[in-house]
Amino acid sequence: MVDLDTLEHVADSDPSTLLAEAYDRHHQAVFSLAMMIVQNQDDAEAITLEVFSRAVREEQNRLTRHDSLAYWLLRTTRNQAIDKIRSKQPTPDSGSQPTHQAVVDLPIPAADLEPTVMLEESASKLRAKLNDLPQSQQEAIRLCYFEGLTQTQLAERLGEPRSIVKSRVRSGLLTLLETLTHE
Amino acid sequence: MSKSGHEPFDGLAALYAAGALNKREQVIFRAHLEVCRGCVQEVKSLLQVTQGLLQAAIPVVPATSLRNRVLNSTTRTIPHAKAPAYRKSKIKTGQQTAAGPPRQRPQPTIWIATLFVIVTAGIAAWYIPKLDHQISSLQRQLVELQSDLDSSTRLTQILELEIAAADLETDELRAVLSLLTTQNVQQLALTGQPRAPRASAVVFWTDSGDSTLLASGLPPLPIGDLYQLWLGGLDGPISAGLMAPDEDGYAAISLTVPDSVTMPVAMAITVEPASGVTMPTGDIYLLGQPTP
Ligand SMILES: [Zn+2]
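Figured I'd write up the structure that's included with this text. (Residues numbered from 1 in each chain as written. Chains lettered and ligands numbered in written order. Predicted model: local features only at pLDDT ≥ 70, side-chain atom pairs only at ≥ 80, totals over all residues. Heavy atoms only, no water.)

What follows deals with the pattern of salt bridges. Applying the stated criterion to the full structure yields 8 salt bridges over all chains. The shortest N-O distance in the salt bridge between B:Arg67 and A:Asp24 comes to 2.7 Å. With B:Arg67 in helix H5 (residues 65–75) and A:Asp24 in helix H2 (residues 15–38), this residue pair bridges two chains. A salt bridge links B:Glu42 to A:Arg170, with the nearest nitrogen and oxygen atoms 2.6 Å apart. Placement of the pair is B:Glu42 in helix H4 (residues 37–54) and A:Arg170 in helix H8 (residues 162–181), with the two residues belonging to separate chains. (Salt bridge = Lys/Arg side-chain N within 4 Å of Asp/Glu carboxyl O. Helix = DSSP H or I, 4+ residues; strand = E, 2+ residues; numbered from the N terminus.)

This is how it looks when you write it as structure tokens:
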């Protein structure tokens, strides 16, 4: 939650100090997510560099709001990382879609859903639960969430009707939700 | 919203939260979120999961040299201006937005004008009030929140809402513009029949097979029914999707155009049981014929 006094204090801080603070607080989450998606250290470092540069260029007002900044950084990391893996993929031979589509951004949470930074313990529970999901649900979630496939692309990739992939994603996410709500 | 109104959107909350809807589907689903409490609740719950997933990667520590690279490369780009201050004293009630960096939001009149310049035939004219409605609903919420500013929670909410409003405006506008200005986009208009004289609809499609129907002026449905769209196939009508209008009579769906159908073909919208039927049984509410 944002503390007004803190905000007024940091508002007068030097942006490079704010950036250093933001980097120290969030770099590991950003780098880890990038590594998970691109599986390559050089690419993950380049993405981390780009994401923090963008935060300074475009989102300076967020540098003082850590939860909101964390979500922005991670969303941007996901998009950049998906872009990176797509740019390295060979041209799909199906011919049914453009070779390089823009990554669809994740929804922006509304007012009453301030994104919060998870404790490492909760994050690791969620990770474990994701790995425990039935293979088909895990695959569907990974493909859309970490490779950026839309439902139509997902159905094509898996060779299943859209209704099936839709329910796999939903069932998987609902199971993961139990992990979060049963804490 | 009645249960039947939700039906075509069943399961989409999860795909939306997981980022698995394309831009156009997102626009359509957000319009549904305006009127479906159930979907709003599901999106809220599942967003906790999808936000959490971003943090669920196995922790890996980058090289320590990365810190300097980031700080050095970005320090060069940091403007000298101070970070924006969210000061309580700057927040005013009324139409003005909360303090913070000025957002470059085009005034509705300006972007509506832009749309009209681009879409000369006014095809999108029906959709603009809809977008305007969503934006003004967010603006209303802003004003309500601003009138009660006794806690930092409120301030946070206002800031988030403002961001949501700005993002909605640009995303929605971009999605509509991209739909209507895509190269090679083709369209077929459907006109209201005696059962729905004020209704109209346009089906857009591209060579890549993407297709969307936007309809307005649809009469409310009896409970348990939905509108069903039909494409004229060689062996008879082929169902291309079910839809429910919102309270204002607007509806939008992504179509499934089977490979066997080469657009443009005749299209019709009938009212059918919510489970959908394989052949039309109800009256035709809208009809469109390709020009020979
Ligand atoms: Zn719904």
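Take the coordination of the zinc ion next. All names here are of chain B. Only His6 (ND1), His32 (NE2), Cys36 (SG) and Cys39 (SG) from the protein reach the zinc ion as donors, at distances of 2.0 to 2.3 Å. Because the angles between the 4 donor atoms bound to the zinc ion fall within 96 to 120°, the donor set is best described as tetrahedral. Mapped onto the sequence, the residues coordinating the zinc ion show the spacing H-x25-H-x3-C-x2-C. In this structure Cys36 comes out as buried when scored by relative accessible area, which is 7%. (Donors = N, O, S within 2.8 Å, 3.2 Å for Na, K, Ca; no water. Tetrahedral: all angles 85-135°; square planar, octahedral: opposite > 155°, others 65-115°. Buried < 20%, exposed > 50% of the residue type's maximum accessible area, 1.4 Å probe, protein only.)

Any pair of aromatic rings gets described here by the distance separating the centres and the angle formed by the planes. Counted according to the given criterion, the structure contains 5 aromatic pairs over all chains. Taken together, a centroid distance of 5.2 Å and an interplanar angle of 55° make the contact between A:Tyr23 and A:Phe52 tilted. Of this pair, A:Tyr23 sits in helix H2 while A:Phe52 sits in helix H3 (residues 41–58), and the two are 29 residues apart along the sequence. For A:Tyr23, a relative accessible area of 2% gives the class buried. When the centroid spacing of 5.2 Å and the interplanar angle of 50° are considered together, the rings of B:Tyr16 and B:Phe29 count as tilted. Of this pair, B:Tyr16 sits in helix H2 (residues 12–17) while B:Phe29 sits in helix H3 (residues 23–33), and the two are 13 residues apart along the sequence. Judged on exposure class, the residue B:Tyr16 and its partner B:Phe29 are both buried. Every member of this aromatic cluster is reached through a ring pair, and the members are B:Phe9, B:Tyr16 and B:Phe29. (Phe/Tyr/Trp six-rings, centres within 6.5 Å; stacked < 30°, edge-to-face > 60°.)

Fair warning: the whole summary comes from geometry, so function is off the table for now.
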